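# Report on the structure
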Amino acid sequence: PAEVVMPHGLARRLLGDAVTAKHPALVVLDSVRDVVTHVEVEIVRRTGEREGLGGHKDLPWLFVMAAPGEAAEALDRAITAGAESLVLGVMVDRWPYGITCAVDTDGTITHLEGKDAPPWVGHRIPTLTLNQAMSTLFP
């Protein structure tokens, strides 16, 4: 299982009107700052669970999706702090703290940059249409 958290503006951009649909694995918040706060709270909760305080060891991945803008530094701190708690960042814009990957509409990686960027230019990654993504998120 996985959870996805993102700001409302990005959710509207990616999911259109479907952003109003409710799904337990999708958390849509007002702003990137709210996403950072949510991730920080999740790290504390997940750390407690990992250490046995909550008794649940099988944590789902938490994907943080954002167009970072001025909150990039705060996002980087939260995502880095959450690495042991299965927090992973997926930025929809240039990412100054890690690898930036440009992908065209058919899923071909056209550009990679950043420290430790793998040599994957020209490789394809799986893509979904909006309808496919919606039927996967909201069966």
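Note: the structure precedes this text.
Everything quoted here is computed from the prediction, not taken from an experiment. (Residues numbered from 1 in each chain as written. Predicted model: local features only at pLDDT ≥ 70, side-chain atom pairs only at ≥ 80, totals over all residues. Heavy atoms only, no water.)

This part covers the overall build of the chain. Of regular secondary structure, the chain possesses four helices and six strands. Radius of gyration (C-alpha) of the chain: 16 Å, near the 14 Å computed for a compact globule of 139 residues. When its C-alpha atoms are laid out on the principal axes, the chain stretches across 45 × 35 × 30 Å. For the chain, buried positions account for 33% of its 139 residues. Total accessible area on the chain is roughly 8,600 Å²; 57% of this is exposed by carbon and sulfur atoms. Of the side-chain charges in the chain, 12 are positive and 18 negative, and the distance between the mean point of each set is 1 Å. (Helix = DSSP H or I, 4+ residues; strand = E, 2+ residues; numbered from the N terminus. Rg over C-alpha atoms; globule rule 2.2 N^0.38 Å. Buried < 20%, exposed > 50% of the residue type's maximum accessible area, 1.4 Å probe, protein only. Areas by Shrake-Rupley, 256 points an atom, 1.4 Å probe, with all protein chains shown as cover. Lys, Arg positive; Asp, Glu negative; His and termini not counted. Charge placed at Lys NZ, Arg CZ, Asp CG, Glu CD.)

Hydrogen bonds between backbone groups are what pair the strands of a sheet, and the pairing can be parallel or antiparallel. Strands sit in the order β2-β1-β3-β4 across an open sheet of four strands; the sheet is parallel. Strand pairing shows two members of the sheet lacking a second neighbour, β2 (26-29) and β4 (87-91), which therefore form its edges. Pairs of neighbouring strands in the sheet enclose a mean axial angle of 20°, with direction left out of account. Where helix α3 (residues 72-81) meets the sheet, its contacts fall on β3 (61-66) and β4, and the angle it forms with β4 comes to roughly 150°. (Pairing = 2+ DSSP bridges. Axes fitted to C-alpha atoms, helices over the stretch in contact; angles between N-to-C directions. Contact = heavy atoms within 4.5 Å.)

Turning our eyes to something else, we now look at α3. What α3 keeps buried is the set A72, A74, L75, D76, A78 and I79. Against α2 (32-50), β3 and β4 lie the buried residues of α3.

The next point concerns the pattern of salt bridges. According to the stated counting rule, one finds six salt bridges in the structure shown. The salt bridge involving R45 is made with E42; its shortest N-O contact spans 2.8 Å. With a gap of three residues between them, R45 and E42 both fall in helix α2, about one helical turn apart. By relative accessible area, R45 is classed as partly exposed at 34%. Measuring nitrogen to oxygen at the nearest pair gives 2.2 Å for the salt bridge that ties E113 to R94. On the criterion of sequence distance, the pair formed by E113 in strand β6 (residues 109-113) and R94 in the loop between β4 and β5 (100-103) is long-range, its members being 19 residues apart. Here the residues in one salt-bridge network are E3, E42, R45, R46 and E49, joined through shared partners. (Salt bridge = Lys/Arg side-chain N within 4 Å of Asp/Glu carboxyl O.)

Turning to a nonpolar patch on the surface, a few remarks are in order. Taken together, W61, L88 and V90 make up a surface patch of nonpolar side chains, about 240 Å² in accessible area. Along the chain, W61 turns up in strand β3. In this structure W61 comes out as partly exposed when scored by relative accessible area, which is 39%. (Patch = residues over 30% accessible without salt bridge, like charges linked within 9 Å, V, L, I, M, F, W, Y side chains within 5 Å.)

By the burial criterion, the buried members of helix α1 (residues 8-15) are L10, A11 and L15. Buried residues in α1, looked at end-on, bunch into an arc of 105°, giving them a common side. Positive phi appears at G16, one or two residues downstream of α1, with a value of about 60°. (Arc of directions from axis to C-beta.)

The next subject is unusual backbone geometry. The phi dihedral of L86 is positive, around 65°, even though this residue is not glycine. Looking at the secondary structure, you find L86 in the loop between α3 and β4. Residue D116 is not a glycine yet carries a positive backbone phi of 65°. When you line up the elements, D116 lands in the loop between β6 and α4 (130-137).

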